[in-house]
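The primary structure of each chain is shown beneath.
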Amino acid sequence: MEHGVDPKLALRFGLYEVDLLQGVLLRQGVRLKIQEQPFRILALLLQRPGEIVTREELRHSLWSEGTHVNFDGSLNAALKKLRAALQDDAENPRFIETVPRQGYRFLAPVHSVGSTASPISPATNVSPETSEESFEVRMRLHPEFFPERAAELSRERKKAERAARWIDFTLLSCAIVFGSWLLFFIVYPVPRPSVQRMTRITNAGGIDEWGGIVSDGTRIFFLERDGGRWNLMQTSVEGGNAEKMPAPFENTRIFALSPDHSQFLIGQFSRRDDEMPLWLWPVQGGEPRRMGEAVGHDPAWSPDGSQIIFVRGRSLYTIHPDGTQLRELAHGPGLPHFPAWSPDGETIRFSMDKREDGTQAVWEMAADGSGLHPILASGRQPASQSAGEWTADGRYFLFSGCENYDCNLWGIREAWNWFRRSHHDPAQLTHGPDSLHVSIPTQAGSRVFAFSFRSNRELQKFEPQSHRAESLILNANAELASVSPDGHLALYTDRPDGSLWRSSIDGAQRLRLTKPPLVASAPHWSRDGKQILFTGVRPGYLRQIYFLSADGGALRAVLPEGREASDADWSPDGTQIVVSMREQKTQPKFGIYLFKSSTNEWTLLPESRGLVAPRWSPDGRYIAALDETNHRLLLYDFQTEKWDAAAEGGLLGAPFWTPDSSAIYFQDQLDSDQAIYRVKFANRGVEKVFSCGEILRSSPSHCIFSGLGPHGSLYVMVERGLTDIYALDLDLP
């Protein structure tokens, strides 16, 4: 047979074949569907071809003694199904003939498949009671089918049945287990990380967040500003009094501790924004050792201690601790900060000033510098991300996430859990009220250290001659302020949403001029006090310059599409503005442009690339600006069409002109007293006119020069705030 059945166990009649071993009926090799009782009737008829098989014999064969059933109806139904399978007709039978009042007879010749033997003899007989087991029927049909073979086939059949039951049980069990796991995976995900406790570690008022936090497990190290210099401080990880730490240089910053805790990675600096030479300094003290030609900032050790990565300009470099094999690892599209290695040493992440709105994003690359890309390209995420670091076990990546002026601690789960669904989108761990950032995980466990900062600001008016101070009532959340030319009104941006407000100088008659999501900064009054110019940014857009009536109303954008501005100021007659602007894609450096609104004409001042914070003199002859490092104050003379240096400092603030254009004022924020200086044009001499030292020695942390009054008075935004280090105990499931 083509279907591979032993011919001794198969019979053929007409176009049909019967496999007695398997219980299969075939027509020209095609298997037919037939139920058990019709097949058993066929088997009985085939064993006695040409003979009459009585209805009583069929009854005993199909139903055991004691079975209660409608015999006639059931037998007729079974025969009807059998004839349907054989395509036989009871009126004109080819195979099964009905013998009235006696029974049924099989008419067609029956042969063994593959055998040349004669048709099966009608004398071949099987007792009805043995038809319960089909193998006994087959044995009677084939005398050579010995009892031993029958027993073997019975055992094989039972074994196959047990195997089938076992397979069914196994599949059902697997389905139940998989369904239970899937339900548990979906309904019970891994819990979100959270902060369990916050503990204040320091009680110092002069902590400089720029200095970062480093810990060796028992102590934490940080910087404290003391006037124009910085002290290296240390305290216990459990809190207590901070102590000044002997340092090899006057201004020393600790960046990192080697994995074996034997050496500090330090930098020597004079100004905070300088790229500094990098040194290795033994933890137990001694002379520091210069690390080759490495100059930069934000260095970090690899987990095995074999390499150090650091930032220089727009590039990331690696160097061996012995100062050899200095090489550029990657060059980014923006300014990188705070590189960090994953615990397995295969991945490096860092913050980058890449976004068009000036915020930062966390980027990632392989340890060989390949595959550079941002890790949070879409979805729920903070507007600005920075200062990221892995936990010691590598299961979470923690970073600072900031929305406008408020920063919080965020975390991303890195490890995959096969048994429970894991959240891999960033989760916010803290929700104020203090601004928390620069988180540093400990070497083990789930504790991190972070800076906490809370502040309020107040606008004050000072008379340099009499040293008399007057507090001007403003919202405590005011970020920046600008007083109108007549001294009666003030503009200020409000934290945390960045809205622009106008009020009288005593804080009354408040009027909201802008609403979120627009964040306003650097507001300027026109000379007649009727219009306002400010810088604004919306999420996903470049920083834009806007015109606005002093009484509110519709905003008017100034810059063409694809341009970005940092600051702007009015011309004396109000017909033009001067803007620090750049072309984002083709020209990364800001330049100083003049814009005439009546003609939409733009003019670039010569040799002005790299300059910001332009201010037009009241007489219209000069434009003052700062270089992009905020170290130098320069003046552009429209008569000579040249730039000249007017002053230098550590970190200069935006300049302000006197009403008669005879002098220009500016502040050096890195000066020991955050002093305000004046440049007189008569002799180009620089003199100190006001010191914030006395103010800073009381309680404020910052004193920000905000403008000149009508009669030489100074407006100063005094910030009272406190920066401290907190330990956060996290639940990181």
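Predicted model, so just to flag it, every value in this text is computed and none were measured.

S.K.: Describe the environment of Ser258, with residues and values.
M.R.: Along the chain, Ser258 falls in the loop between strand E14 (252-257) and strand E15 (263-268). What makes Ser258 buried here is its relative accessible area of 2%. It is 9.1 Å that separates the C-alpha atoms of Ser258 and Asp304, two residues lying 46 residues apart in sequence. Of note is the side chain of Ser258, whose polar atom sits 2.6 Å from the side chain of Asp260.

S.K.: Pulling in residues and values, what's your account of helix H3 (residues 71-86)?
M.R.: The terminal C-alpha atoms of H3, which comprises 16 residues, lie 22 Å apart, in line with the 22 Å expected from a rise of 1.5 Å per residue. Of all the positions in H3, only Phe71, Leu75, Ala78, Leu79, Leu82, Arg83, Ala85 and Leu86 are classed as buried. Across the axial projection of H3, the buried residues extend over an arc of 160°, all falling on one side. Across from the buried face of H3, at angles greater than 90 degrees, the exposed residues are Lys80 and Ala84. Following H3 by one or two positions, Gln87 adopts a phi angle in the positive range, close to 55°.

S.K.: Lay out the pairing of E15 with the relevant residues and their values.
M.R.: Two elements, E14 and E15, share 5 bridges in a ladder whose sense is antiparallel. Across the sheet, Thr252 pairs through a bridge with Gln268, a residue of E15. Counted along the chain from E14 to the antiparallel partner E15, the turn is 5 residues long, and its residue His261 has a positive phi close to 60°. Relative to strand E16 (residues 276-282), E15 is paired through 5 bridges, and the arrangement is antiparallel.

S.K.: So what's going on with the confidence of the model for the protein? Residues and values would help.
M.R.: Reading fine detail from the predicted coordinates is not recommended where pLDDT is low. Looking at the protein, pLDDT values average 83 and 87% of them are 70 or higher. This stretch, residues 115-146, has a pLDDT under 50; its non-local contacts, to residues over four places away or in other chains, come to 50 contacts.

S.K.: Could you give an account of the pairing of strand E11 (residues 219-226), with specific residues and numbers?
M.R.: By the bridge criterion, 2 bridges tie strand E10 (residues 214-215) to E11 in an arrangement that is antiparallel. Looking at E11, one finds that Ser215 is bridged to Ile220. Counted along the chain from E10 to the antiparallel partner E11, the turn is 3 residues long, and its residue Gly217 has a positive phi close to 100°. Here E11 pairs with strand E12 (residues 229-236) via 8 bridges, running antiparallel. From the neighbouring strand, Leu223 faces E12, where its bridge partner is Leu232.

S.K.: Provide a residue-level description of the sheet that holds strand E24 (residues 373-374), including the pertinent values.
M.R.: Here we have 4 strands laid out as an open sheet, ordered E21-E22-E23-E24, and antiparallel in their pairing. Two strands close off the open sheet at either side, each with one partner strand: strand E21 (335-341) and E24. Taken together, the 6 bridges between strand E22 (residues 347-353) and strand E23 (residues 361-366) define a ladder with antiparallel strand orientation. Along E23, the bridge assignment pairs Ser351 with Val362.

S.K.: Please set out the pattern of salt bridges residue by residue, giving values where relevant.
M.R.: Counted according to the given criterion, the structure contains 25 salt bridges. Among the ionic pairs, Glu57 bridges to Arg48, the shortest N-O distance being 3.1 Å. Overall, Glu57 belongs to the partly exposed group, its relative accessible area being 22%. As a salt-bridge pair, Asp729 and Arg197 come within 3.1 Å of each other at their nearest N and O atoms. Of this pair, Asp729 sits in strand E53 (residues 714-731) while Arg197 is found in strand E9 (residues 194-200), placing the two residues 532 residues apart along the sequence. Under the relative-accessibility criterion, Asp729 is labelled buried at 17%. When its relative accessible area of 48% is taken as the criterion, Arg197 is described as partly exposed. Among the ionic contacts, a cluster of salt bridges with common partners joins Arg48, Glu51 and Glu57.

S.K.: I'd like a rundown of a positive patch on the surface, residues and numbers included.
M.R.: A cluster of basic residues, Lys158, Lys159, Arg162 and Arg165, forms a positive patch at the surface. Given the relative accessible area of 43%, Lys158 is considered partly exposed.

S.K.: If you had to explain the packing of helix H1 (residues 36-47) against H3 to someone new, which residues and values would you point to?
M.R.: Their axes nearest at 8 Å, the elements H1 and H3 cross at an angle of 80°. As far as their axial angle goes, H3 and H1 are roughly perpendicular. Seen from H1, the contacting residues are Gln37, Pro38, Ile41 and Leu42; seen from H3, they are Leu75, Ala78, Leu79, Lys81, Leu82 and Leu86. Across the contact of H1 with H3, the residue classes break down as 8 nonpolar, 1 polar and 1 charged.

S.K.: Give a detailed account of unusual backbone geometry, specifying residues and quantitative values.
M.R.: Each neighbour pair has its own omega, and for Pro516 with Pro517 the value is 10°, a cis peptide bond. At Gln325, a residue that is not glycine, the phi angle is positive and equals roughly 55°. If you trace the backbone, Gln325 turns up in the loop between strand E19 (315-319) and strand E20 (327-331). Note on Gln325: relative accessible area 55%, which makes it exposed. The phi torsion at Ala613 lies on the positive side, around 50°, for a residue other than glycine. Inspection of the secondary structure puts Ala613 in strand E44 (residues 611-616). Ala613 gets classed as buried once you look at its relative accessible area, which sits at 10%.

Conventions used here
By convention here, each chain's residues receive numbers from 1 onward along its written sequence. Per-residue local features of the predicted model are confined to residues with pLDDT of at least 70, and side-chain atom pairs are confined, for both listing and counting, to 80 or more; whole-chain, interface and lining totals are unaffected and use all residues. Remark: hydrogens and water are excluded; side-chain values derive from all non-hydrogen atoms of the structure. The helix count covers DSSP runs of H or I at least four residues long, the strand count covers runs of E at least two residues long, and both are numbered beginning at the N terminus. Relative accessible area decides the class of each residue, using a 1.4 Å probe on protein chains only: under 20% of the type maximum gives buried, over 50% gives exposed, and in between gives partly exposed. Polar contacts, as counted here, are pairs of nitrogen or oxygen atoms within 3.5 Å of one another; within protein the pair requires one atom able to donate a hydrogen and one able to accept it, and residues that are adjacent in sequence qualify only if both atoms are side-chain atoms. To estimate how far a helix should extend, the number of its residues minus one is multiplied by 1.5 Å. Starting at the helix axis, one direction is taken to each C-beta atom, and the arc is that of these directions. We call two strands paired when DSSP finds no fewer than two bridges between them. pLDDT runs from 0 to 100 and stands for how confident the predictor is about each residue. Contacts were defined at the residue level, with two residues in contact if any of their heavy atoms lie within 4.5 Å. Here a salt bridge means any side-chain nitrogen of Lys or Arg lying within 4 Å of a carboxyl oxygen belonging to Asp or Glu. Patch rule: a residue counts if its relative accessible area is over 30% and it has no salt bridge; like charges are joined within 9 Å, and nonpolar side chains (Val, Leu, Ile, Met, Phe, Trp, Tyr) within 5 Å. Methods summary: accessible areas were calculated by the Shrake-Rupley approach with a probe of 1.4 Å, and residue burial reflects only the protein chains presented. All tallies of charge rest on Lys and Arg as positive and Asp and Glu as negative; His and the ends of each chain are not included. Throughout, a charge is located at the NZ atom of Lys, the CZ atom of Arg, the CG atom of Asp or the CD atom of Glu. Fitted lines through C-alpha atoms serve as axes, helices being fitted only where they are in contact, and the angles separating the N-to-C directions of these axes extend from 0 to 180 degrees. By definition in this entry, angles of less than 35 degrees are roughly parallel, angles greater than 145 are roughly antiparallel, angles of 65 to 115 are roughly perpendicular, and the rest are oblique. When residues are sorted by character, Ala, Val, Leu, Ile, Met, Phe, Trp, Tyr, Cys and Pro go into the nonpolar class, Asp, Glu, Lys and Arg into the charged class, and all the rest, Gly among them, into the polar class.

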